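This is what each chain is made of:
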Amino acid sequence: MVLKKISTFKKTTQWRGIQCGVRWGIQPNDYTEKNLLFLKTCSYNFSSNVLHLRNIGISAHIDAGKTTLTERILYYTGKIKSIHEVRGSDGVGATMDSMELEKEKGITIQSAATNCKWNLNNIDYNINIIDTPGHVDFTIEVERSLRVLDSAVLVICGVSGVQSQTLTVNRQMNRYSIPRLLFINKLDRDGANIERTLHSINKQLNLNTLLLQVPIGIEQKLKGVYDLITNEGYLFKGKNGIVVEIITDKKQILNIDSSFSFDMVELLRNRLFEKLADIDDDFAEFYINNDMNSITSNVYDSIRKCTIENKIIPICLGSAKSNIGVQLLLNNVCKFLPSPKEVSNYGYIYSGGSGSGSGSGSGSSSSSSSSIGDYASSSSNDSGSGSSSTSQNGAKKVQLQCNSSLPMVGFLFKIQEDAMHGQMSYLRIYQGKIRKKEMITNMLTNKKEQVKKIMKMHANMAQEINEACAGDIIAINGLSGRTGTTYTTNIHTNLHLSNIFIPKPVISVAVEISKKNDVSKLTKALNKYTKEDPTFYVQTNEQTKEIIFQGIGELQLYIYKERLKREYNIDINLKNPKINFKETITKPYECSYTYKKQKGGAGLYAHVHAIFEPISENYNDSTHCLFVNEVVGNDLPRNFILSIEKSFKEQIEKGYLYESEIINVRMRLISGKIHEVDSNDLAFKKATIHLIKENYNNFCPILLEPIMLVETVSNYEHQSNILTSITKRKGLVTNIINSMNTIYIHAEIPLKHMFNYINEIRAITQGQGTYTMEFAKYEQVSKSDLDELIKKKQETEAR
Ligand SMILES: Nc1nc2c(ncn2[C@@H]2O[C@H](COP(=O)(O)OP(=O)(O)OP(=O)(O)O)[C@@H](O)[C@H]2O)c(=O)[nH]1
């Protein structure tokens, strides 16, 4: 493809990026077959220079515009030929929402990966993008994506500002220390307000932000954005905003937006430089000694450094749907976000056995550690030896090197299966290189598996490649590992990367199959879904033989019902959802039990003496259970202690208050007695069961229930109806925000009172109100509620 040089500097250009002194672009008629083929080919020529690779996630609250933004990014980078809207009238749907259900409902359900190329300053940047869902029920998709990405774009709606899922996603990004850019979207919508959005960002996200742009016009009059650093206005014209016009003439900007304030620009510009100078000493020196009218690379270098170190979060603006500001965002992704080489990632070497792979997290912490090259059998010329450090569970922490000549280390973060490609395992390669047909080691099973195919993904389309290098994100055919598995080549230590944080299920529903013949088809489908989604569990109730779905929320379980129908033609009904209650104990109690059966034949004898106590006063932060062996001397053989521990761990799966899992309990084994002939593992197991069962009331157990953080959104006139509905559902209102006639009510409501809330909220707001919720904490169930629950349970069981 011939890139056309557009010679005049301040004139319009078809953008693919800013070059130094010259601007280059693709003319619209350059989208010929030949050129698209070129773009396609060069898109897959990845990792030629890992410094020019960006692995970014696009995350936000529901409907903030992630998929619409990704569609524009793919269009401007030449990856797609035309733009299709989410739920657009052409019926095609956005590229990244490839699942039929996603297109139909206009929501993203699964994260989708793609890749594109953007040219900035004459350099081609390769960008791997993962578009994630906004709904909390699919939060695992955000979690697993952020676990393997180097940086992210957090999209915020310019009308609603920070919303409940913005907070969650921001917390998730903090968990993995992800450098990020904020993109304030939807500034073209009625009610858009930049000051209010910035205020909500500063108040609620606790981020040190750096505003880079201000809008030219707002709401329906939004025309472009003004760059505070270059002091230039940018208008987005032509078909789909592909023509970028740069304006420096103040009069011209005032003609477009008469309320535009250059005094405000001056103030914000100075604030930007002062903020940067406060954080970065090198920039401070430059700032004191230079006139900021002639901008040099120092400003960009400083923003880049502070963004990568997570000291600053730059903010860009625009409207994805109206095609405003996206090309500038792409420039800033390349300019300010890190390459894989600039992010520290770690592995953990466990001594003996198979490691849990659940180390304390990767991210950009700067503690010194050994290079994994030191632990490889192959000779490596880049072993970078540093001092090693030890993580909390005794594993040795080693730094991975983004270097393709070292032994390979990759992390499987997602599994997806479809009819066209079979099972695809998504891998992020942290170190080394992976080649087609090569054997790689599954570190959990220690078995070698063959890489049958390597693919670069573009939504649901795959392009086969022969090899992939450190820093890249790819899909592989032929692997059997589950989500969270580390794969390596030529590494002979027990190395695992830290696992993905997997939220626990809070809701379960019983499943009724319409046709009994569908059972084997159903088993196959559920195997696939549970493999793909680690937050979706399927169990069979031993007594009733009922199939139970467990998950994060009603929507997630409903989507699986729909998928069973569409993908496998299986009809099921979801019965009333059940809550995942937990039990905990509140008082320490010392007790003992002797299990004896010594009449005739081989007998059974075991005596167990232990203290049971809560681990922490805050059961929400506590580990589930702990077994501590405090037996002094050799009175109790090791195998019997192991039997007691095993039995304790089995017992806490079902408490004696409401048959719910027991959390926050520690068993301290003090002593035990044996009989020379009659003691065995079975006797000690039975003694432990009786010890817990018969003393359970003495531990003062309580029942805990999930409390959800709920955000309702509606017009002002429906506020009192919504407040009444919250009171009716025994909720506690924590905040009310009134913004331009829209009311946001935050409340904490027990999950058991949340069922069918969507129908109620629609009814009381004439269909325009909505809500989102996410798990907040576990809280004690009141005595009267507990009595009621027990009564209902007994009635159901008697039926
Ligand atoms: N007016 C306006 N509408 C927008 C803009 N960006 C997105 N939308 C619309 O907002 C709705 C949601 O957009 P999506 O791109 O699906 O949002 P999302 O964040 O990907 O949604 P989920 O993944 O389901 O959470 C769609 O109807 C879009 O057309 C924008 O800049 N301006």
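Preceding this paragraph is the structure being described.
Since the model is a prediction, treat every value here as computed from it, not as a measurement.

Chemist: Can you walk me through the environment of glutamine 163 in this structure?
Modeler: In this fold, glutamine 163 is placed in the loop between β7 (151-157) and α5 (164-175). Leaving out residues up to four positions away in the same chain, glutamine 163 has contacts with His61, Cys157, Glu711 and Tyr744.

Chemist: Help me understand the sheet that holds strand β39 (residues 665-673), please; the structure alone is not making it clear to me.
Modeler: Paired through backbone hydrogen bonds, the strands of a sheet run either parallel or antiparallel to each other. Taking strand neighbours across the sheet as the criterion, the four strands line up as β35-β36-β39-β37 in an open arrangement whose pairing is mixed. Of all the strands in the sheet, the pair left with one neighbour each is β35 (589-597) and β37 (625-629). Going across the sheet, the axis of each strand differs from the next one's by a mean of 25 degrees, ignoring polarity. Helix-sheet contacts for helix α15 (residues 681-695) involve β35, β36 (604-614) and β39, and the interaxial angle to β36 is about 40 degrees.

Chemist: It is not clear to me how helix α4 (residues 139-148) should be interpreted in this structure. Could you clarify?
Modeler: One turn of an α-helix holds 3.6 residues; hence residues three or four places apart share an orientation. For α4, the buried fraction is high: ten of the ten residues fall into the buried class. Within α4, the full set of buried residues consists of Thr139, Ile140, Glu141, Val142, Glu143, Arg144, Ser145, Leu146, Arg147 and Val148.

Chemist: Looking at this structure, I do not really get α5. What am I missing?
Modeler: Taking 1.5 Å per residue, twelve residues should reach 16 Å; α5 reaches 17 Å between its end C-alpha atoms and fits that length. The set of residues buried in α5 consists of Ser164, Gln165, Thr166, Thr168, Val169, Asn170, Gln172 and Met173. Of the surrounding elements, those touching the buried residues of α5 are β4 (53-60), α4, β7, β8 (180-185), β40 (701-715) and β43 (770-780). Serine 177 lies just past α5 and shows a positive phi near 50 degrees.

Chemist: Got a minute to help me understand empty space enclosed by the protein in this structure?
Modeler: If you roll a probe as big as a water molecule over the atoms, it shows you where there is empty space left. In the structure shown here, the tally under the stated rule is six cavities of 30 Å³ or more. Roughly 140 Å³ of internal volume is contained in the largest cavity. The wall of the largest cavity is formed by 17 residues, among which Ile109, Gln110, Glu141, Asp533 and Tyr560 lie closest to the centre. When contributions to the lining of the largest cavity are tallied by element, the ones reaching two or more residues are α4, β19 (409-418) and α13 (554-568). If you tally residues by element for the lining of the largest cavity, the top one is α13, at four residues. Its residues placed into classes, the lining of the largest cavity shows six nonpolar, four polar and seven charged.

Chemist: I would appreciate a short explanation of the nonpolar core in the present structure.
Modeler: Where a protein is soluble and globular, its nonpolar side chains tend to be buried together. Among the nonpolar cores identified, the biggest contains 96 residues, and Leu69, Ile127, Val153 and Phe283 are the most heavily contacted of them. Apart from residues no more than four positions distant in its own chain, phenylalanine 283 is found in contact with Phe273, Leu276, Ala277, Met292, Asn298, Val299 and Ser302. Val511, Leu526, Phe581 and Ile761 belong to the second-largest nonpolar core, a separate cluster that totals 40 residues.

Chemist: Explain the side chain of lysine 79 here, please?
Modeler: One can find lysine 79 in the loop between α2 (66-76) and α3 (100-105). Within the buried set, lysine 79 has no salt-bridge partner at all; the shortest N-O distance to an opposite charge, 11 Å, is to aspartate 472. Polar contacts involving the side chain of lysine 79 include one to the side chain of asparagine 115, which spans 3.1 Å.

Chemist: How should I be thinking about the packing of helix α16 (residues 719-728) against helix α17 (residues 757-764) in this particular structure?
Modeler: Packed helices, taken two at a time, are described by the angle between their axes plus the distance between the axes. For the pair α16 and α17, the least separation of the axes is 10 Å and the interaxial angle reads 150 degrees. If you check the angle between α16 and α17, you find them roughly antiparallel. As α16 packs across α17, the resulting crossing turns out to be right-handed. Contacts from Asn721, Ile722, Ser725, Ile726 and Lys728 of α16 reach α17 at Tyr757, Glu760, Ile761 and Ile764. Split by residue class, the contact of α16 with α17 holds five nonpolar, two polar and two charged.

Chemist: So what exactly am I meant to see when it comes to the site of the ligand here?
Modeler: Looking at the ligand, there are 20 residues lining it, with Lys66, Thr67, Thr68, Thr108 and Asp188 nearest. Within the backbone of aspartate 63, one N or O atom sits 3.1 Å away from an oxygen atom of the ligand. In the environment of the ligand, an oxygen atom lies 3.2 Å from a nitrogen or oxygen atom belonging to the backbone of alanine 64. Protein contact buries 89% of the 650 Å² of open area that the ligand shows by itself. The leading source of residues in the shell around the ligand is α2, at three residues. Of the residues contributing to the shell around the ligand, the split by class is five nonpolar, nine polar and six charged.

Chemist: For this particular structure, what's the right way to read the pattern of salt bridges?
Modeler: Two side chains carrying opposite charge are able to pair once their charged atoms lie near each other. Tallied over the entire structure, the rule returns 37 salt bridges. Arginine 566 is the partner of glutamate 562 in a salt bridge, and the nearest nitrogen-oxygen pair spans 3.2 Å. Of this pair, glutamate 562 and arginine 566 are both found in helix α13, four residues apart, which corresponds to roughly one turn of the helix. For arginine 566, a relative accessible area of 31% gives the class partly exposed. Across the pair glutamate 760 and arginine 729 runs a salt bridge whose closest N-O atoms are separated by 2.6 Å. Of this pair, glutamate 760 sits in helix α17 while arginine 729 sits in the loop between α16 and β41 (732-739), and the two are 31 residues apart along the sequence. Each of the two residues, glutamate 760 as well as arginine 729, counts as buried. Connected through salt bridges with shared partners, the residues Lys433, Arg435, Glu438 and Glu467 form a single ionic network.

Cut-offs used in this document
Residues numbered from 1 in each chain as written. Predicted model: local features only at pLDDT ≥ 70, side-chain atom pairs only at ≥ 80, totals over all residues. Heavy atoms only, no water. Helix = DSSP H or I, 4+ residues; strand = E, 2+ residues; numbered from the N terminus. Contact = heavy atoms within 4.5 Å. Pairing = 2+ DSSP bridges. Axes fitted to C-alpha atoms, helices over the stretch in contact; angles between N-to-C directions. Buried < 20%, exposed > 50% of the residue type's maximum accessible area, 1.4 Å probe, protein only. Expected span 1.5 Å × (residues − 1). 1 Å grid on protein atoms, 1.4 Å probe; cavity = no way out; pocket = protein on both sides within 12 Å on 5 of 7 lines; lining within 4 Å. Points joined across faces, edges and corners; volume = space filled by probe spheres on them. Nonpolar A, V, L, I, M, F, W, Y, C, P; charged D, E, K, R; others polar. Core = buried A, V, L, I, M, F, W, Y, C linked by side-chain atoms within 4.5 Å. Lys, Arg positive; Asp, Glu negative; His and termini not counted. Salt bridge = Lys/Arg side-chain N within 4 Å of Asp/Glu carboxyl O. Polar contact = N/O pair within 3.5 Å; in protein donor to acceptor, adjacent residues only side chain to side chain. Parallel < 35°, antiparallel > 145°, perpendicular 65-115°, else oblique. Left-handed = near helix turned anticlockwise from the far one by under 90°. Near = heavy atom within 4 Å. Areas by Shrake-Rupley, 256 points an atom, 1.4 Å probe, with all protein chains shown as cover.

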